[in-house]
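Examination of the molecular architecture
For reference, the chains in residue letters:
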Amino acid sequence: MFRAILIAVLSVALIGTGVFAYNEHQEKEALAISHENNYQKAFHQLAFHLDHMQDELGASLATNGVANMNGSMAEVWRISSLAHSDMGDLPMGLVPIDKTEEYLSNVADFTHDVAIRDRAEEPLTDDEYEQLETFYEQAGELSGDLRTVQANVLADDIRWRDIETELVANTDPGEGTAIDGIQQIDEKAKGFGENNWNDDTGFPVDAEERLANVVEDKEKFDEEEAVERAREFLNVPDDTNADISRLGEGIPYEGYKIYIEDPDGESNYAMDMTLRGGLPTWVMQDRPITETNISLNEASEIAADFLDERGFDDVELVDGKQYDSIGTFQFVPTANDARLYPDAIIMKVALDDGDVVGYKGADYLANHRERHDLDPELSLEEALDEVHENLEVREEHLAVIENQSGEEVLTYELYGTMNDDTYQLFINANDGTEEDVKRMQGAEPVYDAM
Amino acid sequence: MEGSVRYFLATLIVVGGVLGFATDRGEAFSDQIIQQGATGDDVVELQARLQYIGYFDQTIDGVFGWSTYWGVREYQEAFGMEVDGLVGEQLKNRLEETTEYDEQHVQEALENAREFTHYGSTPNEIQKGPKGSGEAEEEQAPEAEEEPSGEEPPAPEETADEEEPAPEPEAEEGAQPDTGGEQPDEGQDDQANVQKAMNAPEGYSDNDIQIMANAVYGEARGEPYEGMVAVAAVIINRTDDPEFPDTANEVIFEPRAFTAVADGQIYLEPDEEAREAVLDAINGQDPSNGAAYYYNPETATSEWIFSRDVHTEIGKHVFAD
């Protein structure tokens, strides 16, 4: 009797466990499948979007009418962005497919620029038309290759989950696999990048490279001199403990990483400095800042004094924000009354004791130089004519900014209001082009204030 | 960094001064010059007082943003002051003389995210006494008027939206914020015009910052602060890089991009430091010096990652391009 009950109980338990395990398994399976489905979707969408991108690029080549072209340009722009985002959804974080993404990005930038401008006044130049043709051919190649990979994936029933597992396990993708195929596509895209259309500015795009040019001929600082220079910059006593090492070689200039003890207490300053010229590129201090004892205004003056004492001439505060007990400021140098935004310096001041706890001067160091072309051809009144009539302009400055193609342009920086919003506009001071319009962000409500 | 002792002393003096004077004057404005970007009680008072006379018609939120700035400038222009958007002593004195400010009432509404406005038609009889020197306002007739008013004459103009009387303050208007304890909810049924807020960096919402803080905390907790800033900077560098998606969200959730996302550590509650690191990075700090990748050489599995050029090493992480 007892035995029969035991057997019954155990049987029920066993079946129960079985059912439970089965359910668990099913759930996991379902999850894995949905995961796989997302990858599959992204991959097939990518192929689909590349196909369509090519179609639309072809259409835009053939179009004569401005209105039609607007449509296809905008469409290419949209599709290239979608394709770019599809790529982002594939588990490719571990393999370099960066060139394909870069290609898509270039197409998007180009078509966006062309789509938003008024081509009745500014038709496509010959160069641009040629560029469009190149994009068209390249899109054709990419989409052809990708379709081949896609066919393999479908024929061999390849699972992205398996690819992912292989990638994580770091096994080498064999020839003919999907990863291999995609990597080959990327190789091809690398070739496209070599005649990159937006790379011909002459002025290195990368701030790091510009800085490398600036410090090229400056005198070398050895470690001791660098530490001395750092102490001086931070205004700490000569005997403060310091630790110095070299920066890696991936940066176009040589540099030091320096840690200096804060004489007040336990915290460290961390900073990077160029080896040539001994120029601090950034500084930060790590310590908890909980109290607020001084105002943002005082802090901004402390930051301004700090810059003044270190020989940054004619800098103007253009933005200051308080985040609890921290003040963050942006300063720009001015020349001929123009604000030089590419040369901006960032300062951070603790509002408990007014210490400077952050500095970033890399952009200043890389970009600051004498600009010769700071006389606007347009008068302010002429620039104001370019502004939307509903916008009430309330403040104006001259400013040098880097526009969306990465070129420096002299602009009128205008602040105006429309309804309850404040807008910042940059109107090219030489030809009246609207270089940029931004709605200024308001404060962020504290949503959990209830 | 420099002369911190000096600043500390200066701070002591300022704080002492604020406490001392403020109590004497029975006013809440501290001695600070208030400028754009500031947050806190002085800004609340400034907004409330400007609203009282119709120079500010937006939400009282304690953040000196653009609309407060324009309000201050209009006011300065109307009263023949230097138009610089800075709220100094002269402006504060004038505001104190011509407007009323029921600090407790406003602060409480702010704390409780209550809906209310602070136009100058509040019946004052149940308050213990007139505040500031607000004699002139009492007889002004309320009129519904939301305009921020470029044309406001020197006499404080009443604008309106009735407002429930403030709950009885238990003490004099204090010099310090938050003097009031619990107060019963009076029905405040005007439009939502008071809400606590904070500064957000241009181009990012607080939710963006939160997600980034989650990622940074998941990836770099236990690392030095600059290492956390560097991780946040890498996320931002990627958004600027044509090889990566264009938003922080997409970069973070790109499959296999970050281990903390893959293993779910991104869902840990980040600490304040991670948040601050994100803010620093958004505001332009980049200890990685432009890197788009980083890895822990002890745990990294991908051969490929080791082939990248190293920018810098911070803590356990190597930053590369």
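The name given to chain B in an unreviewed UniProt entry is Spore cortex-lytic enzyme, and the organism recorded there is Salicibibacter cibarius. Word for word, the UniProt comment on chain B under Sequence similarities (unreviewed entry) is "Belongs to the SleB family."

Labelled according to an unreviewed UniProt entry, chain A appears under the name Germination protein YpeB, originating from Salicibibacter cibarius.

1. Some thoughts on the overall build of chain B
Along its length, chain B carries 11 helices and four strands. Sorting the 321 residues of chain B into buried and exposed places 56% on the buried side. Put simply, 65% of the contacts in chain B that link residues at least 6 apart link residues at least 24 apart. Surface summary for chain B: the accessible area is close to 13,100 Å², and the carbon and sulfur share equals 50%.

2. Some points on the domain arrangement of chain B
When the domains of chain B are assigned, the result is domain 1 (38-112) and domain 2 (206-320). Computed over C-alpha atoms only, the centres of domain 1 of chain B and domain 2 of chain B are separated by 40 Å.

3. A word on the side chain of His311 of chain B
With respect to the element layout, His311 of chain B can be found in strand E3 (residues 310-314). A relative accessible area of 4% means that His311 of chain B is categorised as buried. A polar contact of 2.9 Å, which involves the side chain of His311 of chain B, links it to the backbone oxygen of Asn289 of chain B. A distance of 3.3 Å separates polar atoms of two side chains, one belonging to His311 of chain B and the other to Asp321 of chain B. Those residues in contact with His311 of chain B that sit more than four places away from it in its chain are Leu247, Gly248, Gly250 and Ile251 of chain A together with Ser288, Asn289, Gly290, Ala291, Phe319, Ala320 and Asp321 of chain B.

4. Let's talk about the interface of chain B and chain A
On the side of chain A, 84 residues touch chain B, which itself brings 74 residues to the contact. Of the roughly 6,800 Å² buried at the junction of chain B and chain A (both faces included), carbon and sulfur atoms supply 50%. The interface formed by chain B and chain A holds five salt bridges in total. Between Lys348 of chain A and Asp280 of chain B there is a salt bridge, with its nearest N and O atoms 2.7 Å apart. Mapped by element, the contributors of at least two residues to the side of chain B that touches chain A are helix H1 (4-25), helix H3 (66-78), strand E1 (197-198), helix H6 (206-220), helix H7 (225-240), helix H10 (272-282), helix H11 (303-306) and E3 of chain B. Tallying contributions element by element places H1 of chain B first for the side of chain B that touches chain A, with six residues. A breakdown of the residues in the side of chain B that touches chain A according to their chemical character gives 29 nonpolar, 23 polar and 22 charged. Relative to E1 of chain B, strand E14 (residues 444-445) of chain A runs antiparallel, the two sharing two bridges. Each residue of the ladder has a partner; that of Pro445 of chain A, found in E1 of chain B, is Ala197 of chain B.

5. Thoughts on helix H7 (residues 207-215) of chain A
Listed as buried for H7 of chain A are Glu208, Arg210, Leu211, Ala212 and Val215 of chain A. Residues of H7 of chain A that are buried in the fold lie against strand E3 (268-274), strand E4 (280-285), helix H10 (362-367) and strand E10 (392-402) of chain A.

6. Quick look at the domain arrangement of chain A
Interfaces are often sized by the amount of accessible area the parts lose when they come together. Residues and elements named next belong to chain A. The domain architecture assigned to chain A consists of domain 1 (1-190), domain 2 (207-367) and domain 3 (380-440). The C-alpha-based centres of domain 2 and domain 3 are spaced at 30 Å. Across the boundary between the two partners, domain 2 contributes eight residues, which contact 12 residues of domain 3. Regarding the contact of domain 2 and domain 3, the summed buried area is about 700 Å², with carbon and sulfur atoms giving 51% of it. Together, Arg339, Tyr341 and Pro342 form the three largest contributors to the area buried by domain 2 at its contact with domain 3, with a combined 63%. There are two salt bridges connecting domain 2 and domain 3. The residue Glu402 makes a salt bridge to Arg210 at a minimum N-O spacing of 3.5 Å. Joining domain 2 to domain 3, the criterion identifies six residue pairs in polar contact (both at pLDDT 80 or more).

7. Details of the UniProt feature "domain: Peptidoglycan binding-like" (unreviewed entry) in chain B
When the UniProt feature table is mapped onto this chain, "domain: Peptidoglycan binding-like" (unreviewed entry) is found at residues 39-95 of chain B. As a span, residues 39-95 of chain B carries 56% helix and 0% strand, and end to end its C-alpha atoms are 18 Å apart.

8. Overview of helix H9 (residues 296-309) of chain A
All names here are of chain A. Over its 14 residues, H9 extends 20 Å from the first C-alpha to the last, a length consistent with the 20 Å expected when each residue adds 1.5 Å. Of the positions making up H9, those classed as buried are Leu296, Asn297, Ala299, Ser300, Ile302, Ala303, Phe306 and Leu307. Gly311 sits one or two positions beyond H9 and adopts a positive phi of about 85°.

9. Some thoughts on the confidence of the model for chain A
Per-chain confidence: chain A averages 84 in pLDDT, with 89% of residues scoring 70 or above. Predicted confidence for residues 194-203 of chain A stays below pLDDT 50, and this span has 13 contacts to residues more than four positions away or in other chains.

10. What to know about the environment of Asn152 of chain A
Residues and elements named next belong to chain A. Tracing the chain through its elements places Asn152 in helix H4 (residues 126-155). Asn152 gets classed as partly exposed once you look at its relative accessible area, which sits at 33%. Residues Asn152 and Glu29 lie 123 residues apart in sequence; the distance between their C-alpha atoms is 24 Å.

Reading the values: rules and limits
Residues numbered from 1 in each chain as written. Chains lettered and ligands numbered in written order. Predicted model: local features only at pLDDT ≥ 70, side-chain atom pairs only at ≥ 80, totals over all residues. Heavy atoms only, no water. UniProt positions renumbered as here; feature names shortened; annotations may be inferred. Helix = DSSP H or I, 4+ residues; strand = E, 2+ residues; numbered from the N terminus. Buried < 20%, exposed > 50% of the residue type's maximum accessible area, 1.4 Å probe, protein only. Contact = heavy atoms within 4.5 Å. Areas by Shrake-Rupley, 256 points an atom, 1.4 Å probe, with all protein chains shown as cover. Domains from an automatic or database assignment. Polar contact = N/O pair within 3.5 Å; in protein donor to acceptor, adjacent residues only side chain to side chain. Buried area = accessible area lost by both parts, 1.4 Å probe. Salt bridge = Lys/Arg side-chain N within 4 Å of Asp/Glu carboxyl O. Nonpolar A, V, L, I, M, F, W, Y, C, P; charged D, E, K, R; others polar. Pairing = 2+ DSSP bridges. Expected span 1.5 Å × (residues − 1). pLDDT = per-residue confidence, 0-100.

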